[in-house]
Amino acid sequence: MLFERQFRHTKRYQEIVNTFIRYGFGYVLYRIGITDRDLSKKDESTDANENLQNIGRRLRYTLQDLGPTFIKLGQVASTRHDVLPREIITELEKLQDHVTVLPFDHVRQTIESELDDELEHLFVHVEPEPLATASIGQVHAAKLFTGEDVVIKVQRPGLKPIVETDMEILVRIGNLLEERTEWAKRYRIQAIIQELSFSLRNELDYLIEGHSGERIANQFQNKIGVRVPAIYWDFTTQKVLTMEPISGIKISDIETLDAEGYDRKLLAKRLSDAMLTQILDEGFFHADPHSGNVYILPKNTIAFLDFGEVGRLSEGMTYHISSIIYNLHNGDTQALIRTFAKMDLIDEKTDINAFQRDLGALHERYANLMLKDMSLGKVIIEIFQVAYHHAIDIPSEMAMVSKTILTLEGVIGRLDPEFSIMKAAEPYARKLLKRRYSPRRILRKSMNEIVENVEILSGLPKDLKDVMSTLQRGRVGLDINVKQAERFLDRFDKISNRLSFSIIMLAFSILMAGLIIGSAITDQSTVIWKLPIIEIGAVIATLMFILMVITIIRSGRM
């Protein structure tokens, strides 16, 4: 088994090397140590832009020939506008699945194996000719015995071992690149490969795709104008996906839309609202809304198809993206920098003044443009490029959002050239920011922090005892880098101040409670009881609470 695996790896590795050499990348392989000599032909083009386009075109052909894993690698790389030249991105975006039609016998075998029954017992009829083909699978029309028309997406056989072999080879190549070349470290090749691995594993599991589509369908359950095909779970497995057919007009078919009397301005608004709801409200979105995945149904209804590629955003990441959009809308470069700082992307090596200067220059370039003339996706990508120039790594989730918005702008631009995603996104971003700083949410966060601090205080004596015992046994070793010492001490000082403040708050609360109880139990007349103790205490407690909330908000750790 081990020998067979090694043989398979060696054979595939040689195939990958030969394909790259065939398309003129032998010199690159030689420079990074994969081959022992340069076997490539030199490019005779002299123009720099032409060279980049030529490189991108040859790279696209190479990835297409190597199959599903490498096609997906190119598609993932095409989202990284922050690190790759525009000419190469343009070529990688053209990556298509050039595959032969899977014979129907293989389709039958996969369906029967996955659904554990004969095809004739499962469906009234399955159309032998596919509706669509791709490197992962192909789609066939069918009819259930209950009368519903459906479409069946069937995965090509033997894909998983090929993908696993390719991923293991790519991980090894990625390690080699990052060990031997500075640009691979800089472009975080391994991070791209990890993102590819995650995306491919999801696409090879149709159960995940079905649940993704259903999750997005639930986002629009009570809204008109958006449709997602229903999943027939009794006929769905990891390799077979059965769903409701969608018969409509491709959103890029402007002539047919006009001939049928559709309202293109309304369609643009509905598509924009649907995508912005997914990204900024839900944090879970269709990450590939190109024209082939969006259809128009009667009554100006938007239909989303193919949920193999989706984006996931944490609550914090959604907030940061909203902050970027809101600050872009207001032209606030300092706030942009604060957002990057809150994301912990800025370290002691970052030249803040230079970063702000470059962001300011970018803002000046767009200052005189109308909102309708600004591409939100393009502006975000240019901000990422400035950040990358200052050694600030952009999270892959944000790169995916920018790619999705760019794709969306291209689709909407054909429907309504006057429509502005920048203008449409600003209210969503503002709503999210307001929601984040609503009094109820702030109170809930503050109460959680108070509870957390009380728990820390309750365990403090034991922790101090453990620390002292460890110190007495001489088992503590400190290894603090001199460059990190100031940052460490600053954080330690903040923690100490917060603990001290919490202790004072707790002590004051206990004191006030004692005074109130004492005044209720002892009915004695003394000088102190003649003062409005409870009222004064309430004012002090309120002021201290407001101070604590303001401090938490200004710290950016809400």
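Here the structure is shown first, and the text comes after it.
(A) Seen up close, the overall build of the protein chain. Looking only at helices and strands, one finds 23 helices and eleven strands in the protein chain. Across the 558 residues in the protein chain, those meeting the buried criterion constitute 44%. Of all intrachain contacts in the protein chain linking residues separated by at least 6 positions in sequence, the fraction that spans at least 24 positions is 66%. Counting every atom, the protein chain has about 31,600 Å² of accessible surface; 55% of that belongs to carbon and sulfur.

(B) A look at the nonpolar core. In this structure, L271, F304, L328, F340, F355, L376 and I383 are the most contacted members of the largest nonpolar core, which totals 66 residues. Other than its neighbours up to four places away in sequence, I383 contacts L328, L336, F340, L359 and L362. Within the second largest apolar cluster, 39 residues are counted, among which are V163, I173, I231 and L241.

(C) Fine view of the packing of aromatic side chains. Enumeration according to the criterion identifies four aromatic pairs in this entry. Ring geometry for F20 and F25: centres 6.0 Å apart, planes at 70°, overall edge-to-face. The pair formed by F20 and F25 is uniform in burial state, with each residue classed as buried. Between Y23 and Y61, the ring centres sit 6.2 Å apart and the planes meet at 45°, which makes this aromatic pair tilted.

(D) Representation of the sheet that holds strand β7 (residues 249-250) in the model. Judged by pairing direction, the sheet is mixed, and its four strands sit side by side in the order β5-β10-β9-β7 without closing on themselves. The open sheet is flanked by β5 (226-227) and β7, the only strands paired with a single partner. Taken together, the two bridges between β7 and strand β9 (residues 294-297) define a ladder with antiparallel strand orientation. Residue pairing for β9: I249 is matched across the bridge by I296. Helix-sheet contacts for helix α13 (residues 264-282) involve β5, β9 and β10 (301-304), and the interaxial angle to β10 is about 45°.

(E) Quick peek at the pattern of salt bridges. Enumeration according to the criterion identifies 20 salt bridges in this entry. We note a salt bridge from R22 to D65, for which the minimum N-O separation is 3.4 Å. Of this pair, R22 sits in helix α1 (residues 2-22) while D65 sits in helix α3 (residues 48-66); the two residues are 43 residues apart in sequence, bridging distant segments of the chain. Judged by relative accessible area, R22 falls into the exposed class, the value being 52%. Take D65: its relative accessible area is 42%, and that puts it in the partly exposed class.

(F) Region of interest: helix α15 (residues 333-342). The complete set of buried residues in α15 reads T333, A335, L336, I337, T339 and F340. Where α15 is buried, its residues touch α14 (315-330), α16 (352-366) and α17 (376-389). Phi for D344, located one or two positions after α15, is positive at around 60°.

(G) Fine view of the environment of L408. Note on placement: L408 falls in helix α18 (residues 396-415). The class for L408 is buried, based on a relative accessible area of 2%. In this structure the C-alpha to C-alpha distance between L408 and D288, which are 120 residues apart in sequence, comes to 8.5 Å. Those residues in contact with L408 that sit more than four places away from it in its chain are L271, M275, P289 and I421.

Conventions and cut-offs
Residues numbered from 1 in each chain as written. Predicted model: local features only at pLDDT ≥ 70, side-chain atom pairs only at ≥ 80, totals over all residues. Heavy atoms only, no water. Helix = DSSP H or I, 4+ residues; strand = E, 2+ residues; numbered from the N terminus. Buried < 20%, exposed > 50% of the residue type's maximum accessible area, 1.4 Å probe, protein only. Contact = heavy atoms within 4.5 Å. Areas by Shrake-Rupley, 256 points an atom, 1.4 Å probe, with all protein chains shown as cover. Core = buried A, V, L, I, M, F, W, Y, C linked by side-chain atoms within 4.5 Å. Phe/Tyr/Trp six-rings, centres within 6.5 Å; stacked < 30°, edge-to-face > 60°. Pairing = 2+ DSSP bridges. Axes fitted to C-alpha atoms, helices over the stretch in contact; angles between N-to-C directions. Salt bridge = Lys/Arg side-chain N within 4 Å of Asp/Glu carboxyl O.

Function-wise, these values are silent; they only describe arrangement.
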